[in-house]
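Residue-level listing of the chains:
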Amino acid sequence: MNQEKILVIDFGGQYNQLVARRVRECNVYCEIYSYKTDLNQIKAMKPKGIILTGGPDSCYEEGAASCSRELFESGIPILGLCYGAQVMMHVLGGHVCEAPVREYGKIEVTVDRSSVLFDDVSEKTICWMSHNDYIEKEAPGFKIIAHTRNCPVAGAESVEKQLYAFQFHPEVLHTQEGRKMLHNFVYGVCGCAGTWKMDAFVETSIQAIREKVGDGKVLCALSGGVDSSVAAVMLAKAVGDQLTCVFVDHGLLRKNEGDEVEAVFGPNGPYKLHFIRVNAQQRFYDKLKGVTDPERKRKIIGEEFIRVFEEEAKKIGTVDFLVQGTIYPDVVESGLGGESAVIKSHHNVGGLPDYVDFKEIIEPLRDLFKDEVRKVGLELGIPENLVYRQPFPGPGLGIRIIGEVTPEKVVMVQEADAIYREEIAKAGLDRGIGQYFAALTNMRSVGVMGDGRTYDYAIALRAVNTIDFMTAEAAELPWEVLSKTANRIVNEVTHVNRVLYDCTGKPPGTIEFE
Ligand code: GLN
């Protein structure tokens, strides 16, 4: 693709994906590469500009992550952020050392000179910082464009060499005018045209898929989640009924979810494709009987999923392509882009490729962030309730039922969760909260109902706000919503007599319970 692009060179900073996302929000395509990437490879990609990320090292120490002087002499506009800024100065002859005062959090930055980067930015602007080292002296040829109380070089530039440096993090939303600054870099310095738009992406992708697939057969494992749904619809639009979607209902879905998926993708839905729903509920319940350990439950569900899918795939015979809903964060987190450690492998359907006879994988969303996947979904005309579906774990309700999973408990958590979601939506909070759901605790306690003693289960309600799902805080839900939900759950769900609200953040908690 002849797409204009910005490269993010990753020094192991925490916000590398955020940097790329912000650039994409400017309608410019952006990819993340490790700082170890060969300079010739970088040049060959013909980037319109490069952004160097933050990182944990101290650039003046032996063995610290670095980059070559040639990179800065390549003529490509470069913006260094935090560690990236320090490396730039260090390599080009400035002085970086441990700061007498480290800065962490929101800090007031004073703009000293008019710079393209500060176009339309206030003279005093709150920026987010996190550093122990600082640039004591800028490199020759650079001019200081901003400072803070404790940091003489909060921003520097060499307009002539097209090199720019910020000690703060414009990609973090706490930096009030950070978006503007990145926009200024991408348009004002790099001269991008802003051609990365989702409608164009959809059109070219469908065309490319059509050419690739020809008259081949395509198989897709549909989970009902956003990514696999969007991938499936894209394929359906490209190759119609050459596509077969297999949807395994493992009996651990939210209330009515199986039918909702069938309504969209099944024979009565709007798409021309082969849809196979496997009602494998009982198989999963049998396997899960008596199992209480979370990791074992996850494993059993994952393995059984593959077994069921494999059986269906065998019935279909050889296929040419397998579709996966891999998205860009999966690619980065599996260590293929950037510098971050391998967090999880990117086979988001748990090793399926090893079990299916196919020639090639198609991953139409591989370059996209989650919010972009949603935009593509809307572009493709997928119903909003599906597109804005919350993240849902692969093992489903299996890990929202603490301890042993039984069909009765599945119903309890399904009903409670449905009530909770309904009340949240009624209060108009459904798009505002990061993630919310009900879980069934393994605790039974005494209650009183209709003058009689009860000894029943407790439902835990969870709602968190998060930007990136790496950290999260418990949402402060209005009391009326919580009490109404609690009331309804205890009244409407049999064998539940108590409702608790989880106030724990992540860390130390996790978003899910198991
Ligand atoms: N490790 C460097 C410092 O402490 C850079 C930190 C960062 O990039 N956030 O100053």
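The structure contained in this document is the topic of the report that follows. Note on numbering: residues in each chain are counted from 1, in written sequence order. Totals for whole chains, interfaces and linings use every residue, but because this is a predicted model, local features are given only for residues with pLDDT of at least 70 and side-chain atom pairs only at 80 or more, for both listing and counting. Each side-chain value is worked out from all heavy atoms of the structure, with water and hydrogens disregarded.

We now examine the pairing of strand β2 (residues 29-34). Whether a residue is buried, partly exposed or exposed follows from its accessible area with a 1.4 Å probe, protein chains only, as a fraction of its type maximum: under 20%, in between, or over 50%, in that order. The secondary structure listing takes helices from DSSP runs of H or I that are at least 4 residues long and strands from runs of E that are at least 2 residues long, numbered from the N terminus. Judged by how many residues are buried, β2 sits mostly within the fold: six of six residues are covered. Where burial is concerned, the two faces of β2 agree: the one with Y29, E31 and Y33 and the one with C30, I32 and S34 are both buried. For two strands to pair, DSSP has to find at least two bridges joining them. Note that strand β1 (residues 5-10) and β2 share six bridges and pair parallel. If you follow D10 over to β2, its bridge partner there is S34.

Think of an α-helix as turning once every 3.6 residues; residues three or four places apart then point the same way. Looking at helix α9 (residues 281-288), one finds that the buried residues are F284, Y285 and L288. An end-on view of α9 places all buried positions within 100° of arc, on one side of the element. Looking at the buried side of α9, the elements it contacts are β11 (243-249), α10 (294-316) and α14 (407-426). G290 sits one or two residues past α9 and shows a positive phi near 80°. What the arc covers is the set of directions going from the helix axis to the C-beta atoms. What makes two residues a contact is simply this: any of their non-hydrogen atoms within 4.5 Å.

Moving on, we get to the site of the ligand. Residues in close proximity to the ligand include G54, G55, P56, D57, C82, Y83, Q86, S130, H131, N132, D133 and H169, which together make up its full environment. Pairing of N or O atoms within 3.5 Å defines a polar contact, subject to two protein rules: one partner must be a possible hydrogen donor and the other a possible acceptor, and residues neighboring in sequence count only if both atoms are side-chain atoms. Backbone polar atom of G55 to an oxygen atom of the ligand: 2.9 Å apart, as the coordinates give it. The separation between a nitrogen atom of the ligand and a polar main-chain atom of P56 is 3.3 Å. For the shell around the ligand, the elements supplying multiple residues, two or more each, are α4 (83-91) and β6 (124-137). In terms of residue count, β6 provides more of the shell around the ligand than any other element does, four residues in total. Classification convention: Asp, Glu, Lys, Arg as charged; Ala, Val, Leu, Ile, Met, Phe, Trp, Tyr, Cys, Pro as nonpolar; all other residues, Gly among them, as polar. When its residues are assigned to classes, the shell around the ligand shows three nonpolar, seven polar and two charged. Proximity is defined per residue: if any heavy atom of the residue lies within 4 Å of a molecule or strand, that residue is considered near it.

Our focus in this paragraph is the pattern of salt bridges. When a carboxyl oxygen of Asp or Glu lies within 4 Å of a side-chain nitrogen of Lys or Arg, that pair is called a salt bridge. Applying the stated criterion to the full structure yields 35 salt bridges. A salt bridge links E360 to K212, with the shortest nitrogen-to-oxygen separation between them at 2.9 Å. Placement of E360 in strand β14 (residues 360-362) and of K212 in helix α6 (residues 198-213) is noted, with a sequence separation of 148 residues between them. According to the relative accessible area criterion, E360 is partly exposed, its value standing at 37%. Taking the shortest distance from any N to any O, the salt bridge between R366 and E363 comes out at 2.7 Å. Judged by relative accessible area, E363 falls into the buried class, the value being 18%.

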